[in-house]
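Residues per chain, in single letters:
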Amino acid sequence: MTAAVAVASVLASESAPRGVVAGVVTDAGRDIAAGGLADLAGTTMTPETAFDIASVSKVAVTTTAILRLVSGGELSFDDPVDRFLTGTACAPGTTVRHLLQHRAGLWEWQPLYLDREHVGDPAAAADAIPLRYSLDEGRHYSDLGFMLLGRIIAAVTGQALDAAVRDLVTAPLGLERTGYGPVSRPVASSAVGDRAERRMVATGQPYPILTTVRDFTWRDDEIAGVVNDGNCFHALGGISGHAGLFSTADDLLTLGAALAAPERHPELWDPDAVAELFRDGPDTGQALGWRSDTVAVSGRPTRMVWHPGFTGCALGLVPGTGTAAVLLTTRLLAPEPAPTEALWRTALPALLDAADSDDDDQNPLRDNEGTRTP
């Protein structure tokens, strides 16, 4: 089974996206396939099409940049946030680890672009939002937490976040098609306007909206080449720790393979730090930045770390094997979009079985019977 089978499976699924790119990389090589359309105008999807990867940005560059800084001794996972930033909403004692594990107690999401008191200062707008939960109360997935991590990276490096990401992640790995927008074609469209966030603000679902401001000039046109995420686009200039990145299947597989075999890149990161990054914390299924799951590879349980993005993208890797998989879709262009996780699970059997079927008797996937760590 191949990446082409994964693409066909997703395109045949219920509420299928208009277009799909899927790929897998192992020590035996990489396989990438594309199918369907990249936009509403009927542009053919290709393996070289770039995508707005939304929250996959959280692991692809933000978590990876933190890993590089930890490996270089410039910070530790247990450093307090106030070592780098003052005046945030974080409770005393909040650490980088808390932010990576989504246990800092911050709100999941708020529309910073509706803040009329801190116009032009999104950091101040975010810092003015009080905590929703107590520190370490539990896992509450938070965009605001990863915005803070982006600011920490900038503070440690003394660079703007996009420059820091380039120096720490994309340039060392040769990821030439990975970076913040705007980007030129070939690029997939991510959505038609700000429909999702407009609905969130109007309904207060899934999160109550703290501001009473509702007057805003929303985007209505097809979005391509600029970030879909409203906070990133309207408030943060397209650059943030939680979203904003564009990439291709080839680049994401290169990144995933490097993280899945850290000993091959001693110039980039400490394998012990990578192992700590991928280890689940207090919440099963949540490592540092990355989520974790047990997936079937030819019927055998295999531990994978992964992360989805709202636009229909996902990246996953099998630690210690050099194996990574990627799925990029235009899910929000479907009449009734399927959840990213559903599309990911549709594609995975073909991608991972393809990895397992490589003609290599020493394929490490065949001996990796890991389960979720507590």
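Participant: Mind laying out the overall build of the chain, listing which residues take part and the relevant values?
Facilitator: Scanning the chain from N- to C-terminus turns up eleven helices and eleven strands. By the compact-globule yardstick of 21 Å for 374 residues, the chain fits well, its C-alpha radius of gyration being 20 Å. Along the three orthogonal principal directions, the C-alpha set of the chain runs to about 60 × 50 × 35 Å. For the chain, the proportion of its 374 residues judged to be buried stands at 57%. Restricting the contact set of the chain to residue pairs at least 6 apart, pairs at least 24 apart contribute 68%. For the chain, the exposed area adds up to about 14,300 Å²; of that, 49% sits on carbon and sulfur atoms. With 28 positive and 48 negative side-chain charges, the chain shows a separation of 4 Å between the mean positions of the two kinds.

Participant: Any details on the sheet that holds strand β1 (residues 19-26)? Residues and values, ideally.
Facilitator: In spatial order, the strands read β2-β1-β11-β10-β9-β8; together these six strands make up an open sheet with antiparallel pairing. The open sheet is flanked by β2 (29-36) and β8 (291-297), the only strands paired with a single partner. The sheet shows a mean angle of 20° between the axes of neighbouring strands, direction not considered. The pairing of β1 with strand β11 (residues 323-329) spans six bridges and is antiparallel. Within β11, the residue paired with valine 25 across the bridge is alanine 324. Of the strands in this sheet, β1, β2, β10 (313-318) and β11 touch helix α9 (residues 249-260), which is tilted by about 150° from β11.

Rules used in this analysis
- Residues numbered from 1 in each chain as written.
- Predicted model: local features only at pLDDT ≥ 70, side-chain atom pairs only at ≥ 80, totals over all residues.
- Heavy atoms only, no water.
- Helix = DSSP H or I, 4+ residues; strand = E, 2+ residues; numbered from the N terminus.
- Rg over C-alpha atoms; globule rule 2.2 N^0.38 Å.
- Buried < 20%, exposed > 50% of the residue type's maximum accessible area, 1.4 Å probe, protein only.
- Contact = heavy atoms within 4.5 Å.
- Areas by Shrake-Rupley, 256 points an atom, 1.4 Å probe, with all protein chains shown as cover.
- Lys, Arg positive; Asp, Glu negative; His and termini not counted.
- Charge placed at Lys NZ, Arg CZ, Asp CG, Glu CD.
- Pairing = 2+ DSSP bridges.
- Axes fitted to C-alpha atoms, helices over the stretch in contact; angles between N-to-C directions.

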